[in-house]
Structures are given as C-alpha cells and as structure tokens.
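Structural description and commentary
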Protein chains: 2
Amino acid sequence: MLDQESFGKGEREVDERSYDLGAIFKPGSVAVIGASDNPGKLGFHVMKSLTHGRYPGRIFPVNPGKDEIFGIKTFSSLSQIPETVDLVIIVLPAGQVPGTLRECEAKGVSGVVLITAGFKEIEDRSGEALQKEITSLANQAGIPIIGPNTFGLINLHLPLNASFTPEFSGVEKGKISLVSQSGGMSHLMAFLAMENGIGLSKIIGLGNRCNIDFADMVRYLMEDSETGVIALYLEGIDDPRRLIETAKRARGKKPILAYKVGRSRASDKASQFHTGSLAGKHEIYGGAFKQAGILAVESSEELLDTAKALALCPLPMGSRVAVLSGQAGPGMAACDVAEGGGLSLGTFSPETQRKIEALLPPLAIRTNPVDMGPAWYDSEATREIVKTVLEDQGIDAIILCIMFASANRASAGVLSDMLLHRSTGKPILSCLSSPDRIWEKEIKDLEASGVPNYPTPERAARSLVNLFRFSRMRVSGGNDGNR
Amino acid sequence: MLDQESFGKGEREVDERSYDLGAIFKPGSVAVIGASDNPGKLGFHVMKSLTHGRYPGRIFPVNPGKDEIFGIKTFSSLSQIPETVDLVIIVLPAGQVPGTLRECEAKGVSGVVLITAGFKEIEDRSGEALQKEITSLANQAGIPIIGPNTFGLINLHLPLNASFTPEFSGVEKGKISLVSQSGGMSHLMAFLAMENGIGLSKIIGLGNRCNIDFADMVRYLMEDSETGVIALYLEGIDDPRRLIETAKRARGKKPILAYKVGRSRASDKASQFHTGSLAGKHEIYGGAFKQAGILAVESSEELLDTAKALALCPLPMGSRVAVLSGQAGPGMAACDVAEGGGLSLGTFSPETQRKIEALLPPLAIRTNPVDMGPAWYDSEATREIVKTVLEDQGIDAIILCIMFASANRASAGVLSDMLLHRSTGKPILSCLSSPDRIWEKEIKDLEASGVPNYPTPERAARSLVNLFRFSRMRVSGGNDGNR
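The following paragraphs examine the structure supplied in this document. Everything numeric in this text was worked out from a predicted model, so none of it was measured.

Turning our eyes to something else, we now look at the overall build of chain A. Tallying secondary structure elements over chain A gives 16 helices and 19 strands in all. Its C-alpha radius of gyration of 25 Å places chain A within 12% of the 23 Å reference for a compact globule of 483 residues. Counting only C-alpha atoms and orienting by the principal axes, one finds that chain A spans roughly 80 × 55 × 35 Å. Residues counted as buried form 66% of the 483 residues belonging to chain A. A separation of at least 24 residues holds for 75% of the contacts in chain A among residues at least 6 apart in sequence. Within the structure as shown, chain A displays about 16,500 Å² of accessible surface, and the carbon and sulfur contribution to it stands at 48%. Taken as two groups, the 52 positive and 56 negative side-chain charges of chain A have centres that lie 2 Å from each other.

So, in structure tokens, the structure goes:
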C-alpha cells in the first residue's frame, strides 16, 4: 500500500530534512518585511496581530518608506536592524521574495513565515519556477519556511500571532495543535473553537509547503510540551510517506487525527490548483492513516469535537458505554450513534442496579440507557446515579445528557462538583444544553475536570466512538473497526 | 410495505378522529389547574411561561388554597371561573386527572395540555390503565389532549407558552413547526434554534399521545398559515399508518421532514419505556417516509439545518451546483459533501467563464468550484462573480463560503445587499463564518433575503443535498436517490 509508485513520489529519502522549528514558534524577536500602517495592506494586519496579540518579544517593522509603524521604530531593510532577528514574516510581492531570502540568510534568521501568494498555486508556470527557486535558496541557507501562500501561524502559549488575522488571538489557550493546508479551514476551525471554548495550542497554515510539510510539523509538535493532540487538515500532499513514517515512529506518544478532503472529483481537481498538489488517492490515504495510527474523521466539526475529547478525556478501556440522560429522547439519540459506531450498552452490576432502583422511582427506565427524568427536582439523585455507574466495573465510559428545564437548573452544578472529585479514569462525555448560556460556568467547570461537553447528544456519542476507535487502533495497530 | 400486519396495528380506521386544534394553539383564555407560586413546583413554571411569555389572553390560575398567584386572581376549581375557558393546562398528580377531565367536559373547554406524567410510560401497569381511562374520557367529551407526560406546547406567533419552560419564549418567531415525541429533544432543538437564530412557529411535545398523535398535528399544521415547514422527531408510534396516510394526502403542500431514533437495540428498548411505544421496524419507517414524501434526516442538527433551508430557500430545479468560496479549502469540503450526496458541480457557460476570468486574475481556480481568494480585497469582484453565476442557466444552486479575515470584512455586507435584490429563484446556501459574531447583522440580512447560513461548509452542503433529495422525492413520488 505504501509502495513508492502508488503513494509518494519517492524523490527524497524519508527524513532527509530536519529543521529546528523552535525559533519559529518561540522567537525572541520578529521582523515584518512589508509592514504597513495602511489598513488596506496585509502588512498592516500582521503588525496588528503581533501587537494586539501581546507578543512579548521585540518587533521590528521593515519598510523603506517609514520611520515608525504602529508606534514602533521601523527599518529600511533587514540588514539595518542592529539586533538578532529570530523570525521574519514576509508580506511582499512574490518577485521580491528571493532577494529577501538572501537577506535573511545574511542576517542569520532562524525561520520565515512567507505569507506572500503567487507561487506553485497559480496557473502561470512562472509561479512554480519561483517556488523552486525560493525552496532551493531556503534549503541552502538552512532556513525553515512556513508557506508560501499562508495566513501564518499562531502560538497561543507564547503568545505569538504571526498571521494576518488579529482575531486568532481571541482563541483560548489549550492543548490542541491544528496543522492545516488551508487558510480558510484554519480560520473556520479557529472561529468554531472560539465559539465553543475549545483551547488550541498552535494554529499553523502550511500553505504551499516549500520546505516545511506535515511531517516536519508532526515531528516538532510530538516534542512540544504545550501540545497534547495534533489535528491535521489535509487536501493533498506530494510526499505522504514522510508524514506516515513520522506518525508511525511517534505512535502512542500523542494522538494524531486527520480530516482529509478531496473525496470527490471536483475537490480533487480544486486541490491541484489550490495548493499545487493533487488530493488524489483518497482511499490510499485512509489505509495509510490507519497503519500510522492516525485517526481519520469526516468533517471540520468532527475534527474539533474529537480533538477536544482526546485533549480532555482518558481513552475507554473497552466498548461498554452507559448512557445517563435527564430526558429519554436525547439518550436514545446518543444510543443510536454509539451502537452504530461499535460501542455496546453495558449491563449494570446487580449492586449498581439496586442503587439506581433505590434512587429512581419505577417511573422510567432504570436499566441502561437510564432515564433520570424522575430525578428531575433532585440533583442529589442525579449525582448519585452518575457516581454509582462511574464505579461499576462493567462500564467503560459514560455519555451524560441533560437538557435544561427550570426544575433541573441545579443539576449541572451538582454534577460538575461531584465529577471534579471523581477517582476513576473513565471517559465521560456530556451534552448539557441550556438556553442563553445559563450553564456556561458549570460547563466550563465540567470541561476543566475532564468532561468535554457537546452541543448535541449525537456529537457527544460520535466523539466517544472516535475515542474508542482510537484506543482500538492503538491496540491492534491499524484496525479501528467501523471505518 | 404498509400492510397492517407489519406496520400499524390497524385497530382503528385511518381518520376516525378529527379534532379542531385551533383552540389549543390560539386560545382566548387559559386555565392552569395546579398553578403554584412555589418555584419548586411545575405549576409555578407554567404560570411563569404564560405571563413572561406575554400571552395576550385571559389567564385563570386554579388552586384551592390560594386567592392570587403571580398577582392574578386564583380560583378554587375550574367550575368557579365565571368566564369561558378555551385551553386547560393540567399540572396535577396523575390520580386527580380523570376527575379534572370530567370538570373540563362540564365547563366545555376546547382543549387540554396534560403535563402530568405517570401514565402509559411507567413500569406499573396501573399507569396504562389510567391512560386508557383518560383517553376514553377525553374522547367521550370530544376534548383533544396534548400529552400526558409532556412539557406542553408553544405558539410563538400568538404568543402562547403553555409549557413548564419559560425560556422557550426566547425562540425567534418563524415558519418551522416542531412536533416531538420527546420533551428533551424539543428543549435541545429549541435551544439550538435560539443560538442559531432559527425561527420556529409551534413547538409541540406530544408526550404519550392519548388522543392527539403526529397525524393530527400534521393535519392541523398543513392548514396553519403560520407554518411553512413541519419537522418531526419520532421514537416509535402505535399507528404510523395514520401519519403516513395524512402526509401522503397533503403531499406537495408543505415539506415534512422527520428524524427518527431507535435504530439501535438499546434505544428501541428505551422507546418502549419512555413513551409506551416500541421504536421498532426502523427500516420500515424509512420506506414509508419515502412513500409519503417525508424527508428522513439523521440527527437533531440535520433536522434543524434542513428545516431552515426548506423554510428560507426555493427548491433546486436540478442537481448542478456551483461552489463559490472565498478560500479554496472550505469550498473543497463543500464539494465532497455535495458530490457525495448526489449533486454535481455544474459547468459554467462560456459567457460566465469569460466574466469570471475578467474578474479574477489567473492566480486561482476560476472554474467550478471557484476560489474567489484573489478577490480578497475586492468585495465588488466577489459580488459580480456570485451575480454572474446566479444568472448562469447551467447552474441550479449555489453554495457560498467565506471565512472572515480582516481584508474581506466588507464582503458579507456587499453580498447581502446584492442578494436582497436578486431576481432568480435558485437556492443559495452559505457558510459565512466570523469570530465574535462580527458578521451577525450581515448574516441576519442574508437569511432575511432567503439565504440560510450554516456554521460549516459541510452543513451548508448537506442542507442543499437535502433540498435536492426533497425536490426529487416530490417529482418521483418516493425515490430520493441517495438514502
């Protein structure tokens, strides 16, 4: 499946290149070549991202026509900067890039974010030639380049917003690093993360990948203490072997998951134009991902939902789930997705069963899935049911669904208190839903105690299915069952 | 497929019952039997729903121990109320319900919302006997009952919030009526609708359905001028034939879509406990839905997403979609879902192609899917591309994806202005995504002009696929292609 003919051009040996990306993510100083104080220019937005994003290092705007930009002393060229420059962000027209890279080499910079477009992705063949030229220049100089044709990158832990979108700085700091071949998808997923309070660590737009590709990123992020989960968005890459081999070697260290588009004819064709790579061979990617222990998902929401579960939850030790629901309907929806995805509804031990029957009147379902409806006014009972099931040896994971109603307002707080002090390492995924963010604080507390919350029971159940697929893939070395 | 043995108990003739539900949805007066001023009681929350929900009719609290509740004169019994009572909401213990129904008959009320639980859904067989008793009482008296075991119902157009959840009144008024067998799913979907600004018309919790079932609701809503789309959430019903026959007769009048849980063994079993009906025969439902022109969907989000598309959009006349995207990645994700769902990427006419090439430099994809990236700073170009493609005879529908970045901030407004004044009746579905609701107003304007917006390109594309499935089902009388 991974023979060179069908997969990977085999032009280079795996691991030929190995750049230190530390200075790109944690630079002590950043120069912006093409900095601007004109809001119609990307160089303006890059300056805004750095400054509004509270980057703590030195910033050096470079623009031959200005003395000062954003109130910061501006230099006419890179060579004029009297101090060391770790990272250079380039926002110049494509034709000026080769010369600028030579200046970077002379200055001894450690990394470049090349925002400029107009390389391999354009119809005109001059673009491809230009990309070859800069790749060769960068490799000779030993400078890793993010891009060209990228929005940039963000390290929310420094913080460093080296992109043309200042709003990225509004994303919460967390453990998920997102590596994307598309700027648009990076923006989309960052906005979704902001809206749902999902914490990210790094956001990286690889763009046309002249000398830094997915494999290099995975290798760096595997060693990055601020990254717990690596989420990839791919269209098509020239050299998938490097990614697959890198992921294989790191197998078991940190979860990697991937959303790959290009299943359809039209998007495959589009991929070629967009990033200069055919998406192609979609099925082959699927098989290779499995072999490498990379979990494949099928939408942008599923990528984020699953990354969140992997970032917050332990993996289930088996397939036996308990569905505990404040109302039966959402519990049934969760059951459908869970069973459809290869999980089974576990049978409670006689002791658990006795306890639940003592807590719930014979008004509703007291077996699995449990309808906790009759505990409506009694959040203590809800808490005790969850606690009891959590301790049942026959249950590997819990899906917890409660829809707000006036009478159960207290239950979310009682649950988050109890779950904060739990001892077992079983995954619990929840769908606590309320209007007007009434339960916002309780849900934040729940997530802080390792219970990821989802907007619907189906998405909570799907995320648990993916945790299970991932745990099985780790054990079996490739067979994740249901996909 | 619809023979009586396999599907439907055949105990009654189709259409035996036909209640006028007008007074339930548009009562001039409402009595609350079991009204309370104790926030620990559901009778308190029902009173709060009516009063905070700005119900414009007369409200009569009934509670023998009180003179006044919520500052409203309170009666010791229904018979003491000196005026006509159209709708009665009952929040009493189950044992008191039969006597209360006799009082309702004596008073000549036109409808009852029976919130009380403890009937057919409980383990104890006395519950089923009690439900039989009240059903027979209600049928003799000719009173339609919503419930028992329901949160109630909401008519956002009156407005009337006859439920125990005051927060339902925060949902926007719109054209989608939601009929649900689960209170929990109704709450979930109402909260999702609130969060996403989806307008609803009626929200109805059918509960145990003693004499009002899905069929009765569909028949009423078909004639309801405030309802444009009927969205059903089902677990399992005793008499699906009535629903199917009712939907068949109304075919082509208004779209009906259905999300049915109970695919899995566990949720099927749960259904029996929850609503007293086996979910069972899941595949049979699928076939019957097709025959009746009911569009089946597979999650709570898909139900709302699709209902929104049906409420706002015209149906596509064919399968040829154009994907116009501000960034290539989201466009490719949309292509995958669209092609996977049976749509095809249309070929532009030579004239359209010429115009797009004049508007976009040869930097990116100018065929379908169009990457409008190079029009980044130029919202006029974006507008002209969309306008041109909209007029192309070879295109039946458009998916429009733009992720916010500082440089394209103006594009959403320019697009919503143009689309407001468009003339063709083709569906346009969008994913305009921005941080911190920066585009909230523009998206509201877009939706007001008939362009539903979705949180992800995949969900926009899935909704268009469903519009297409629905349009084909209407034409072919059952064959919706891809499911």
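Let's shift gears to unusual backbone geometry. The step from A:N368 to A:P369 runs through a cis peptide bond, and the omega angle for that step is 5 degrees. Tracing the backbone through its elements, the reader meets A:P369 in the loop between α12 (350-359) and β17 (370-371). B:L158 connects to B:P159 through a cis peptide bond whose omega is 0 degrees. Relative to the assigned elements, B:P159 resides in the loop between β8 (152-155) and β9 (160-163). Its identity as a non-glycine residue notwithstanding, A:R437 has a phi of 50 degrees, on the positive side. If you trace the backbone, A:R437 turns up in the loop between β19 (428-433) and α15 (440-448).

The interface of chain A with chain B comprises 79 residues on the first partner and 79 residues on the second. When chain A packs against chain B, close to 5,700 Å² is buried across both sides, 60% of that on carbon and sulfur atoms. Together, A:F191, A:M332 and A:D336 form the three largest contributors to the area buried by chain A at its contact with chain B, with a combined 11%. Our count for the contact surface shared by chain A and chain B stands at four salt bridges. The salt bridge partner of B:R409 is A:E167, with a shortest N-O separation of 3.9 Å. Sorting the residues of the side of chain A that touches chain B by element identifies α2 (42-52), α5 (183-195), β13 (256-260), α8 (265-275), α10 (300-312), α11 (328-340), β19 and α16 (457-476) of chain A as the ones contributing at least two each. Top contributing element to the side of chain A that touches chain B by residue count: α11(A), with nine residues. Residues belonging to the side of chain A that touches chain B are distributed by class as follows: 38 nonpolar, 22 polar and 19 charged.

Time to look at the side chain of B:S379. For B:S379, the location among the structural elements is in helix α13 (residues 379-391). Contacts of B:S379, omitting those with residues within four sequence positions, involve B:A410, B:S411 and B:V414.

Turning our eyes to something else, we now look at the relation of the copies chain A and chain B. Placing chain A over chain B gives an RMSD of 0.0 Å and needs a rotation angle of 180 degrees, together with 0.0 Å of translation along the axis. The symmetry that links the two subunits is that of a two-fold axis. Nearest to the rotation axis, the C-alpha of A:E195 is located 5.6 Å from it, this being the minimum over chain A. Of the residues that chain A buries at the interface, 100% are likewise interface residues in chain B, meaning the two copies contact each other through the same surface.

Below, the discussion takes up helix α9 (residues 282-292) of chain A. Because each turn of an α-helix spans 3.6 residues, side chains separated by three or four positions end up pointing in the same direction. Residue and element names in this part refer to chain A. When α9 is considered as a whole, its buried residues turn out to be H282, Y285, G287, A288, F289 and A292. Looking at the buried residues of α9, the elements they touch are β12 (229-234), α7 (240-249), β13 and β14 (294-297). Once α9 finishes, G293 follows within two positions and takes phi at roughly 75 degrees, a positive value.

Cut-off values and rules
Residues numbered from 1 in each chain as written. Chains lettered and ligands numbered in written order. Predicted model: local features only at pLDDT ≥ 70, side-chain atom pairs only at ≥ 80, totals over all residues. Heavy atoms only, no water. Helix = DSSP H or I, 4+ residues; strand = E, 2+ residues; numbered from the N terminus. Rg over C-alpha atoms; globule rule 2.2 N^0.38 Å. Buried < 20%, exposed > 50% of the residue type's maximum accessible area, 1.4 Å probe, protein only. Contact = heavy atoms within 4.5 Å. Areas by Shrake-Rupley, 256 points an atom, 1.4 Å probe, with all protein chains shown as cover. Lys, Arg positive; Asp, Glu negative; His and termini not counted. Charge placed at Lys NZ, Arg CZ, Asp CG, Glu CD. Buried area = accessible area lost by both parts, 1.4 Å probe. Salt bridge = Lys/Arg side-chain N within 4 Å of Asp/Glu carboxyl O. Nonpolar A, V, L, I, M, F, W, Y, C, P; charged D, E, K, R; others polar. Least-squares fit on C-alpha atoms with pLDDT ≥ 70 in both.

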